[in-house]
Amino acid sequence: MAKPPAGTRMRADARRNHERLVSEARTAFAEFGADASLEDVARRAGVGIGTLYRHFPNRHALLSSVFSDAVSDLLDLSRELLNDPQPCTALVAWLRAIITHAGEYRGLSRALMAASHDDASELARCSGPMREAGSALLARAQRAGAVRSDVSIGDLLQLTNAIALAAEETPDDPELADRLLTLTLRGLKA
């Protein structure tokens, strides 16, 4: 369960409201996509829309809270993959995991792409740690000579979100994401 922002002390009822909002948002985003109605989320959580906005000033703040567990899992995976004897394979595995994660919620890829250009966005808060994790995997693959030196982690993250978005828009082709990632990876090779 996503926690309130660090350093924030909440009353027990406020904490329960926060947890219910995150839980109901996760359900609504899974069912209706990242553009699900925030009024519906509040209603499902048994609170008013004002309560939702007191906890989450905007949609990106709520998305960030909902996806913090998945981001944590992706960061854990990146640390595990740093020990993989094949640096390029490790990088590819991590990129595939990002695409899979982004594909879980319709509209998430679009939101992540928009947040990547807005440092003030709450959703961008997830971006820094993801960039650091990806940079470590990319640098390893570049040092091994498996990936061109002019490839940046920012470009790779945008590409993975674009691939996830393309796959989302083409649900009748379940292999599309893997094919697009394979094509992208051929262009990365040194």
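Up top is the structure these notes are about.
This is a predicted model, so every value here is computed, not measured.

J.: If you had to explain the environment of A25 to someone new, which residues and values would you point to?
T.: Mapped onto the elements, A25 comes out in helix α1 (residues 12-32). Considered as a pair, A25 and S37 are twelve residues apart in the sequence and their alpha carbons are 9.2 Å apart. Apart from residues no more than four positions distant in its own chain, A25 is found in contact with V41, L62 and V66.

J.: Mind laying out helix α2 (residues 38-45), listing which residues take part and the relevant values?
T.: Where α2 is concerned, the buried positions are L38, D40, V41, A42 and A45. Residues of α2 that are buried sit in contact with α1, α3 (49-55) and α4 (59-81). At the exit of α2 stands G46, carrying a positive phi of roughly 80°.

J.: Describe helix α9 (residues 176-188), with residues and values.
T.: The end-to-end C-alpha distance of α9, which contains 13 residues, comes to 19 Å, matching closely the 18 Å that a straight helix rising 1.5 Å per residue would cover. Of all the positions in α9, only L176, A177, L181, T184, L185 and L188 are classed as buried. Buried residues of α9 fall within an arc of 165° about the axis and therefore sit on the same side. Within α9, the exposed residues directed more than 90 degrees away from the buried face are L183 and R186. Here the buried face of α9 lies against α5 (87-102) and α8 (153-169).

J.: Before we move on, can you summarise the side chain of T51 with the specific residues and values?
T.: On the secondary structure map, T51 appears in helix α3. Residue class for T51 comes out buried when judged on its relative accessible area of 14%. Looking at T51, its side chain comes within polar contact range of the side chain of R54, at 2.9 Å.

Parameters and conventions
- Residues numbered from 1 in each chain as written.
- Predicted model: local features only at pLDDT ≥ 70, side-chain atom pairs only at ≥ 80, totals over all residues.
- Heavy atoms only, no water.
- Helix = DSSP H or I, 4+ residues; strand = E, 2+ residues; numbered from the N terminus.
- Contact = heavy atoms within 4.5 Å.
- Buried < 20%, exposed > 50% of the residue type's maximum accessible area, 1.4 Å probe, protein only.
- Expected span 1.5 Å × (residues − 1).
- Arc of directions from axis to C-beta.
- Polar contact = N/O pair within 3.5 Å; in protein donor to acceptor, adjacent residues only side chain to side chain.

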